[in-house]
Amino acid sequence: MLDEKKIKLMTRMASYEANQGKEDLAVSAYYRKDYTSLHTLFSFFWGTLGYVCLIGLLVLGSFDFLMEHLTMGMFFTLGTIAVLGYFVIIVIYVVAANRFYNKKHIEARKRIKKFNYNITRLLKIYEKENR
Amino acid sequence: MIMDRLFVVKGQLQQIYAAYSKYIDKAVQFVLALGAFYLINHNLGFMGMLSSPAVTLALAVICTFLPVIATVWASALLILGHIYTISLGMLAVTAVIFLLMFIFYLKFSPKTAVFILLMPLAFLLKIPYTVPVALGLTGNPLSVVPVICGTIIYYMIGYVKNSAAALKSADEEGMIGQVTMFVKQIFQNKEMWIMIIAFVLCLLVVYTVRKMSVDHAWKIAIAAGAAVNIVVVAIGDVLFDVPVSYLGIIGGNIAAILLGMVLELLFFAVDYSRGEKLQFEDDEYYYYVKAIPKISVAPPEKTVKRINKREEHQETEIIDEGKMRNKSGNPRNRKPAQKRRTPQKNERHAQGNKKKSAEQMLMTRSLRKELNLDRQKD
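A short tour of the structure in this document, coming up. (Residues numbered from 1 in each chain as written. Chains lettered and ligands numbered in written order. Predicted model: local features only at pLDDT ≥ 70, side-chain atom pairs only at ≥ 80, totals over all residues. Heavy atoms only, no water.)

Points about the overall build of chain A
Note the following rule: Secondary structure elements are taken from DSSP: a helix is a run of H or I of four residues or more, a strand is a run of E of two residues or more, and numbering for both begins at the N terminus. Relative accessibility thresholds used throughout: buried, under 20% of the residue-type maximum; exposed, over 50%; partly exposed, between the two (1.4 Å probe, protein chains only). Two residues form a contact once any of their heavy atoms are found within 4.5 Å. Residues scored as charged are limited to Lys and Arg (positive) and Asp and Glu (negative), so that His and the chain ends carry no count. Lysine's charge is taken at NZ, arginine's at CZ, aspartate's at CG and glutamate's at CD.
Per the secondary structure count, chain A includes five helices and zero strands. Helices and strands in chain A line up, N terminus first, as α-α-α-α-α. The dimensions of chain A, computed from C-alpha atoms along their principal axes, are 90 × 25 × 15 Å. Of all 131 residues assigned to chain A, the portion counted as buried reaches 26%. Considering only contacts in chain A between residues 6 or more positions apart, those separated by 24 or more positions represent 90%. Between the mean site of the 19 positive side-chain charges and the mean site of the 11 negative ones, chain A shows a separation of 11 Å.

Below is the structure:
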C-alpha cells in the first residue's frame, strides 16, 4: 500500500537535494564565520582585480587625452584619486560581500535543518511501518 | 465579461503549466538560447565555423539541458570567439568587460544572469523598453545591473558589427590604437548612455510606484515607466542630438504597456472595488490596514454525460429528491431530505399484505367447512 504522506515527503526532499541542496550542503560544510571570512577574502582579491580592470578601461578610453595633457602634477592627482577610489570601492565591495555570504550561510543552514527534520520524520514513518 | 474570460484563460494556462512545466521550461530555455546565439551569429558572424546554423542549433540544444547560466557563459564565449577573429586587443577588452560584469554582478546573483541576455534580445525585437518595465514590476531595484550590462553588450555587438573593417585596418596601426578606439567608441556612445539612463530611471520608477499602496498601483507604474522612457529619450535627442526613431519609441513603449498589463493579469490580479480600509490598535501600535481581495476565477470543469440505452425490465428507481438537490451543488436549493419509503420497506410491506390475505383465505375455508357451505352448493 502506498503511503501518500511518505511519498510527498520523499519527493520534497529529493527535489531539494537535486537542486538547492547541493549548494547548501557545500555551504554548510563550513562554520558560518569560516565560510564568510574565506569568501570575504576571495572577494577582496576579486574586487581588486575588478578595480584594476576598471581603471585599465578608463585609461584606455582616455588614452589620447592623457598622452596630450598628462603632467607630473596631474599624474599624482589622478594616482591619488585612483588609490582613494580603490579604498572606497574595495571597502563597499568587501562589506557587501561579507553580508551577502553571511546571509547565504544562514539561509543554507535553515534549509539544511529543515531537510534534516524531514529525514527524521521519514525515519519515524519507517519505524512505524516496521512495527 | 472580457476580464472574466481573461481570468478563466489565466486559470487554464496555470493548469497547463502545472501539468507540463518541465517541457515548457525547457522550451523557453531553448528559444532563449537559440535567440541569443542567433543574435550573436547574425551580427558578429566573423568566425565561419561558429556562425553556421548547425552549430547555433546544436549549441542551443545543448544549453537547453544545462542550467540557464550555461547559456550566458556560452553566449559570452561565442562573442569572444567572433571578436578574436577581428583582433586580439579587442578580445582582451571584451573579456575585461565580461570579467567586470562577473565580479560585480554575476558572482552574487548567478540565477538572474539570464536577464543580461534578455536585453540584447529585446533590442533585436525592437522592444527594449519592455525589459525595464517587466523587471520593475517583477524584480527589485538591483535588476538595474543586468539591464545596464545587457545594454552595454548590445551596443558593443552593434559597434563591432558596424566597424569591423575599420577596426581591422586599425590593427595595422597598432594594437594600442585599436583598443583605445574600441573602448572609446563603446563608452563614449551617447545613445547607449541615454538608453541606460532611461532604462534605469524607468525601472526605479516602475518599482517604486508599484510598491505604493494606491489603487491601481501596477497600472500607474506601467504608464509612468513608459512615460519616463519617452521623456528621457526625447530629452537625450534634444540635448545631445542623438538620432532616435520616435515611432520606434512609441511602438516599443506600447509593447511595454501591453506586456505590463499581461504581467499584472498574471501576478497581481486584485479587485480594487472590494477593497477595505481597516483601523485597529493594540497596546503598542495603531494599525491602518488596506486589504484588497485577490481575483480568482476557477476554470470551468468539463463534465461528461453518459446517455445509456434504456434497458427493459428495469426496476423503477426511487429518486431521493433531497440527495439530487445536494448533488446539484446549489446551496440555496438544498432542503432537508424527506423520509421516503425505501425498497426494503416496500418489500416488508408487501410481505405483510400477503400474510394477511393468506390468513383471510384460511379463515374463510375453515368457516365454510364448519357451516357445510360447500356441500349445500353440491
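Picking up after the structure, the text goes on.
A few points about the nonpolar core
Where a protein is soluble and globular, its nonpolar side chains tend to be buried together. For clarity, the threshold we go by: Throughout, nonpolar core names a set of buried Ala, Val, Leu, Ile, Met, Phe, Trp, Tyr and Cys residues whose side chains join them through atoms within 4.5 Å.
Ranked by size, the top nonpolar core spans 77 residues in total, and within it B:Ile79, B:Val93, B:Phe98, B:Leu137 and B:Phe182 carry the most contacts. Setting aside anything within four residues of it in sequence, one finds B:Ile79 in contact with B:Ile40, B:Leu44, B:Thr94, B:Phe98, B:Ile153 and B:Ile157. By size, the runner-up hydrophobic cluster in this structure holds eight residues, among which are A:Tyr93, A:Ala97, A:Tyr101 and B:Phe108.

Here we look at unusual backbone geometry
Residue and element names in this part refer to chain B. For Lys 126, which is not a glycine, the phi torsion comes out positive at approximately 65°. If you trace the backbone, Lys 126 turns up in the loop between α6 (114-124) and α7 (130-138). Unlike most non-glycine residues, Asp 241 shows phi in positive territory, near 55°.

Regarding the interface of chain A and chain B
Here is the rule: By buried area we mean how much accessible surface two parts lose on assembly, using a 1.4 Å probe and totalling the loss over both. By definition, a salt bridge exists where a carboxyl oxygen of Asp or Glu is found within 4 Å of a side-chain nitrogen of Lys or Arg. Polar contact is the term for a pair of N or O atoms within 3.5 Å; when the atoms are in protein, one must be able to donate a hydrogen and the other to accept it, and sequence-neighboring residues count only if both atoms are side-chain atoms. Following the grouping adopted for this structure description, the nonpolar residues are Ala, Val, Leu, Ile, Met, Phe, Trp, Tyr, Cys and Pro, the charged ones are Asp, Glu, Lys and Arg, and the polar ones are all others, Gly among them.
Every contact between the two is made by 18 residues of chain A and, on the other side, 18 residues of chain B. Regarding the contact of chain A and chain B, the summed buried area is about 1,600 Å², with carbon and sulfur atoms giving 75% of it. Summed over the shared surface of chain A and chain B, the number is one salt bridge. Residue B:Lys184 pairs with A:Asp64 through a salt bridge whose shortest N-O separation is 2.5 Å. Where chain A touches chain B, the interface holds four residue pairs in polar contact (both at pLDDT 80 or more). Secondary structure elements with two or more residues in the side of chain A that touches chain B: α3 (32-61), α4 (63-69) and α5 (72-130) of chain A. With 11 residues, α3(A) is the single largest residue contributor to the side of chain A that touches chain B. A per-class count over the side of chain A that touches chain B returns 12 nonpolar, five polar and one charged.

Here we look at the side chain of A:Ser43
Assignment of secondary structure puts A:Ser43 in helix α3. Under the relative-accessibility criterion, A:Ser43 is labelled buried at 0%.

Focus on a nonpolar patch on the surface
Residue and element names in this part refer to chain B. As a reminder of what qualifies: Like-charged residues within 9 Å of one another, or nonpolar side chains (Val, Leu, Ile, Met, Phe, Trp, Tyr) within 5 Å, are grouped into patches, provided each residue has over 30% relative accessible area and no salt bridge. Throughout, the Shrake-Rupley method with a 1.4 Å probe supplies accessible areas, and for residues the shown protein chains are the sole cover considered.
On the surface, a nonpolar cluster with roughly 950 Å² of combined accessible area is contributed by Ile 230, Val 231, Ile 235, Val 238, Leu 239, Phe 240, Tyr 246, Ile 250, Ile 254 and Leu 258. Those elements that place two or more of their residues in the nonpolar patch are α12 (217-240) and α13 (246-267). Sorting elements by how many residues they give to the nonpolar patch places α12 first, with six residues. You can see Ile 230 is positioned in helix α12. Looking at Ile 230, the relative accessible area reads 31%, which means it is partly exposed.

Observations concerning the packing of helix α2 (residues 20-27) of chain A against α5(A)
Residue and element names in this part refer to chain A. Quick note on the threshold: Note on geometry: axes are lines fitted to C-alpha atoms, helical ones only across the stretch in contact, with angles between N-to-C directions running from 0 to 180 degrees. Just so you know how the angles are binned, under 35 degrees is roughly parallel, over 145 roughly antiparallel, 65 to 115 roughly perpendicular, and the rest oblique. By the definition used in this description, the sense in which the near helix is turned from the far one sets the handedness, with an anticlockwise turn below a right angle giving left-handed and a clockwise turn giving right-handed.
Here α2 crosses α5 at 115°, and the two axes come no closer than 9 Å. When the interaxial angle is binned, α2 and α5 end up roughly perpendicular. By crossing handedness, the relation of α2 to α5 is classed as left-handed. Counting all contacts with α2, which are made through Gln 20, Glu 23, Asp 24, Leu 25 and Val 27, the residues of α5 involved are Lys 104, His 105, Ala 108, Arg 111 and Ile 112. Here the residues of the contact of α2 with α5 are counted per class, giving four nonpolar, two polar and four charged.

Without other data, these values stay purely geometric and don't point to any function.
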